[in-house]
Amino acid sequence: MSGKDRRVTDEEALLLHCSGRPGKLEITPTKPMGTQRDLSLAYSPGVAAPCLRIHQDPSTAYDYTAKGNLVAVISNGTAVLGLGDLGALASKPVMEGKAVLFKRFADVDGIDLEVDTRDVDEFINAVRYLGPSFGGINLEDIKAPDCFIIEQRLRELMDIPVFHDDQHGTAIIAAAGLFNALELTGRDIKSARLVVNGAGAAAIACAELFKAMGIPHDNVTLCDTKGVIYKGRSEGMNQWKSAHAVTTEARSLADAMKGADVFVGLSVKGAVTADMVRSMAANPIIFALANPDPEVTPEEVRAVRGDAIVATGRSDYPNQVNNVLGFPYIFRGALDVRASTINDAMKIAAARALAALARQEVPDEVGAAYAGRRLRYGPDYIIPVPFDPRLIVTIPAAVAQAAMETGVARKPIVDLEAYRRCLRLRLDPTADSLQLIHEKVKAAPKRVVFAEGEEEVVIRAAIAYRQAGFGTPVLVAREEVVGERMTEMGLTGIEPLEVHNARLSRQNERYTEFLYGRLQRRGHLHRDCQRMVNQNRNVFAACMVACGDADAMVTGLTRSFTVSFEDIQRVIDPQPDHLVFGLSVLATRSRTVFIADTTVHERPEPEQLVDIAIQAARAARQMGHEPRVAFLSFSNFGQPMRSRAQHVREAVALLAARRPDFEFDGELSADVALDHELMRRLYPFCRLSGPANVLIMPALHAANIGSKLLHKFGGGTMIGPLLLGLDRPVQVVQMGATTNDLVTAAVMAAHDALTR
């Protein structure tokens, strides 16, 4: 569960959804479609062969089609997030988003389907006949009690997993936290007294799963807006509430909470008072999961009970109960064994695996990202964080094993360890690494100066940087111009940005003296330095960073890289024993490739190529990749031998003499470097154990042209070029960069400042 992030504005969200290709999804073929032969194999007449094979044996649909990795995300929009009944069409952005999360976290392909009916029978009939198309059904944002009827009937009618995430996702993550909270407070699950406030889909699913875990029926008190659900109550009841009615004298939530060990809230803000918290048993466990505002905040709990363990649905507090920890990985495991359903055993296995993961030592990269929190098993860390890279291995394997043990797996996994190895390779680590960088910067915010502060896209980026919690943006601009731009952009209600007018700044004289001290022996007069500080925003911004008035800077939107870089070099030197160069990072669906040097050195000498390779390999490791470095050329190991390839051969020999701690080889042509099968077939002696992921280019023109061609024709996301090797954190974006490009550059610059 995660409520709307208040640091994201409606305007930003709308802009993201409508920019470029509208929406968040597209369909990409997985087989070549370039020639008539390709089309003949993929469609007519070739498609007849798999059709006939599937007709003979329906199970082979998993072998010949995408069914086995395809989930339908289905809703009628009757309970969209916290927004209520918006209808099927208005739910589409949420369903697209859910499909994106499936892909991002577990490499599951999701297709959103919005069914335009509020009639339960019509909805069931619309979905039940879709079974042949999908490996699983994820129901979403359907109001209670309809969701109970729909899920139950579809599970009976279909032979593929049907999972209503609003119910079970929340229950599974809450159960994981509950396992650990009970253990930390020394409680036995069979004797714990638990109160659940709310009687909607998630609350009832929580009650059912907790009971399946071992909490006795009579130890769970369910409450709704009318009070305790007790035996004999008639008002506001239905069959799902009645199933959880207990014999009790308690009639109100306050009554129920007296002496209770655990409170789980899935209701509304403010439902729990300080007196209710005070009345609970020693070492109370309080899961206040209402979104966007919990029933009681952790601060309110701490004010009256210092012995409580608290979880919420929000990312800005410890112990976030977030569904993204569950549903992608649960479906991953279920699909991989071709499960016919997702049963209680699989849900409990997922919860236990999450609980066990929280008890393990947190990886360094995860711990560093959440430096503002203590990520060590204890009251403030009972649930793993969403970007822990171990989730993709741990949860699907546990779910798959439970499916096999309970007899619902139609394709059992023989070697679970081999399966875990496959899971590790399903996702490229770049996205997780970037998110961890974001979290690390949020934990230690930095001042980043945007040199071109009068540009609309820069103003938007500065606001986004601040609202995301990365730190303080500083604009080099005229204050009145920024004010006019913000008015034109409709941003009059936004908190003013910090603006520095270079000509009027109180630091103008100090910066001029600093610059003159650097440049006086390079032929620059004092008045030349004064003019640069007054008139050149890159110089002024760089002086802010060099003199300690900002942590990092971003520029490049309106000027070429060469011009911007020359301005910066007047103020900031290279790091000692480092080479300054540009590293472009291309992240696609299947792999990430680091390309260097794409910005600085026109034709690097062999020694420079070696330095670039070492620094690029270090950067790749920082982003979660084990570097496999290829020195590229038009030749492979001297064939053909040309003078222009000689400096690449020399660089490989020089690097070998340094005995680096990463794989490397060359010279290699690009196709061989990136195609490991081709590499092994033609050059079995090559030292690379897989396709190269760090490409060291022989010259600037090849690097720049190649990286941009890869991006434009290969798709994916281009990060950078990242400027490496300067003595102060600076990033230069490409001319025409977007708001997201600028924010990413600012975060990378801030992270650079943190790691020095």
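Placed above this text is the structure.
Residues numbered from 1 in each chain as written. Predicted model: local features only at pLDDT ≥ 70, side-chain atom pairs only at ≥ 80, totals over all residues. Heavy atoms only, no water.

(A) Quick peek at the overall build of the chain. Secondary structure assignment for the chain yields 31 helices and 21 strands. A globule of 756 residues ought to have a C-alpha radius of gyration of about 27 Å, and the chain, at 29 Å, matches this closely. In terms of principal-axis extent, the alpha carbons of the chain reach across some 95 × 70 × 50 Å. Taking contacts inside the chain between residues at least 6 apart in sequence as the whole, the part at least 24 apart equals 71%. Between the centroid of the 85 positive side chains of the chain and the centroid of its 91 negative side chains there is a distance of 2 Å. (Helix = DSSP H or I, 4+ residues; strand = E, 2+ residues; numbered from the N terminus. Rg over C-alpha atoms; globule rule 2.2 N^0.38 Å. Contact = heavy atoms within 4.5 Å. Lys, Arg positive; Asp, Glu negative; His and termini not counted. Charge placed at Lys NZ, Arg CZ, Asp CG, Glu CD.)

(B) Structural detail: the pattern of salt bridges. Inspection of the entire model under this criterion finds 39 salt bridges. Note that Asp 165 is salt-bridged to Lys 98, the shortest N-O span being 2.6 Å. Pair noted here: Asp 165 is in helix H8 (residues 165-184) and Lys 98 is in helix H5 (residues 92-106), with a separation of 67 residues, a long-range link. Exposure remark for Lys 98: the relative accessible area of 7% places this residue in the buried category. Its salt-bridge partner being Arg 278, residue Asp 275 comes within 2.5 Å of it at the nearest N-O pair. Of this pair, Asp 275 and Arg 278 are both found in helix H12 (residues 274-278), 3 residues apart, which corresponds to roughly one turn of the helix. Here the residues in one salt-bridge network are Lys 92, Glu 96, Asp 112 and Glu 114, joined through shared partners. (Salt bridge = Lys/Arg side-chain N within 4 Å of Asp/Glu carboxyl O. Buried < 20%, exposed > 50% of the residue type's maximum accessible area, 1.4 Å probe, protein only.)

(C) Seen up close, the pairing of strand E14 (residues 552-555). A two-sided burial pattern is seen for E14, the buried positions comprising Ala 552 and Val 554 on one face and Met 553 and Thr 555 on the other. For strand E11 (residues 446-450) and E14, the ladder comprises 3 bridges, and the chain directions are parallel. Bridge assignment links Phe 450 to a residue of E14, and that residue is Val 554. Where E14 lies against strand E21 (residues 730-732), 3 bridges are found, and the strand directions are parallel. Bridge pairing in E21 places Thr 555 opposite Val 732. (Pairing = 2+ DSSP bridges.)

(D) Fine view of empty space enclosed by the protein. Scanning all chains against the criterion turns up 1 cavity of 30 Å³ or more. Considered as a void within the structure, the largest cavity measures approximately 40 Å³ in volume. Phe 105, Tyr 329, Asp 388, Pro 389, Leu 391, Ile 392, Leu 427 and Asp 432 together form the lining of the largest cavity. Here the residues of the lining of the largest cavity sort into 6 nonpolar, no polar and 2 charged. (1 Å grid on protein atoms, 1.4 Å probe; cavity = no way out; pocket = protein on both sides within 12 Å on 5 of 7 lines; lining within 4 Å. Points joined across faces, edges and corners; volume = space filled by probe spheres on them. Nonpolar A, V, L, I, M, F, W, Y, C, P; charged D, E, K, R; others polar.)

(E) Layout of the nonpolar core. With 118 residues, the main nonpolar core has Ile 137, Leu 139, Leu 178, Phe 210, Met 213, Phe 287 and Met 346 as its most contacted residues. Non-local contacts of Ile 137, meaning those with residues more than four positions away in its chain, are made with Ala 72, Ile 74, Val 127, Met 158, Ile 160, Pro 161, Val 162, Phe 163 and Phe 331. Residues Ala 477, Met 486, Phe 581 and Leu 609 belong to the second largest nonpolar core, which totals 63 residues. (Core = buried A, V, L, I, M, F, W, Y, C linked by side-chain atoms within 4.5 Å.)

(F) Inspection of the packing of aromatic side chains at higher detail. On inspection of all chains with the given rule, the structure shows 13 aromatic pairs. Look at Phe 662 and Phe 664: their rings are 6.5 Å apart centre to centre, the planes differ by 70°, and that puts the pair in the edge-to-face class. Side by side, Phe 662 and Phe 664 carry an identical accessibility label, which is buried. Pairwise contacts between aromatic rings join Phe 102, Phe 163, Phe 327 and Phe 331 into one cluster. Just above the ring of Phe 327 sits the side chain of Lys 98; from NZ or CZ to the centre is 4.1 Å. Geometry around Phe 664 places Arg 687 over its ring, the cationic atom sitting 4.6 Å from the centre. (Phe/Tyr/Trp six-rings, centres within 6.5 Å; stacked < 30°, edge-to-face > 60°. Lys NZ or Arg CZ within 6 Å of the ring centre and 35° of its normal.)

(G) Geometry of the side chain of Asn 319. Of note, Asn 319 is situated in the loop between strand E10 (309-312) and helix H14 (327-336). Residue Asn 319 is classed as buried on the basis of its relative accessible area of 4%. Polar side-chain contacts of Asn 319 include one of 3.0 Å to the backbone oxygen of Val 310. In contact with Asn 319, not counting residues within four places along its chain, are Ile 309, Val 310, Ala 311, Thr 312, Pro 379, Asp 380, Tyr 381, Ile 382 and Ile 383. (Polar contact = N/O pair within 3.5 Å; in protein donor to acceptor, adjacent residues only side chain to side chain.)

(H) Highlighting the packing of helix H19 (residues 430-443) against helix H31 (residues 739-755). Where H19 contacts H31, the axes come no closer than 9 Å and their chain directions differ by 65°. Classified by the interaxial angle, the pair formed by H19 and H31 is roughly perpendicular. Crossing of H19 over H31 shows left-handed handedness. Contact residues: H19 offers Leu 434, Ile 437, His 438, Lys 440 and Val 441, while H31 offers Val 747, Met 748, Ala 750, His 751, Leu 754 and Thr 755. Of the residues assigned to the contact of H19 with H31, the class counts are 7 nonpolar, 3 polar and 1 charged. (Axes fitted to C-alpha atoms, helices over the stretch in contact; angles between N-to-C directions. Parallel < 35°, antiparallel > 145°, perpendicular 65-115°, else oblique. Left-handed = near helix turned anticlockwise from the far one by under 90°.)

(I) A look at helix H24 (residues 537-546). Among the 10 residues of H24, 9 are classified as buried, and the element is accordingly described as predominantly covered. When H24 is considered as a whole, its buried residues turn out to be Asn 538, Val 539, Phe 540, Ala 541, Ala 542, Cys 543, Met 544, Val 545 and Ala 546. Where H24 begins, the side chain of Asn 536 points an oxygen toward the backbone nitrogen of Asn 538, at a separation of 3.0 Å. Positioned one or two residues after H24, Gly 548 has a phi angle of 85°, which is positive.

(J) The arrangement of the packing of helix H22 (residues 508-519) against H24 in detail. Here H22 crosses H24 at 90°, and the two axes come no closer than 10 Å. It follows that H22 is roughly perpendicular to H24 by the angle criterion. Residues Tyr 511, Phe 514 and Leu 515 of H22 form the contact with H24, whose own contacting residues are Val 539, Phe 540, Cys 543, Met 544 and Ala 546. Of the residues in the contact of H22 with H24, the class split is 8 nonpolar, no polar and no charged.

So far we have only geometry, and geometry alone does not tell us how the molecule works.
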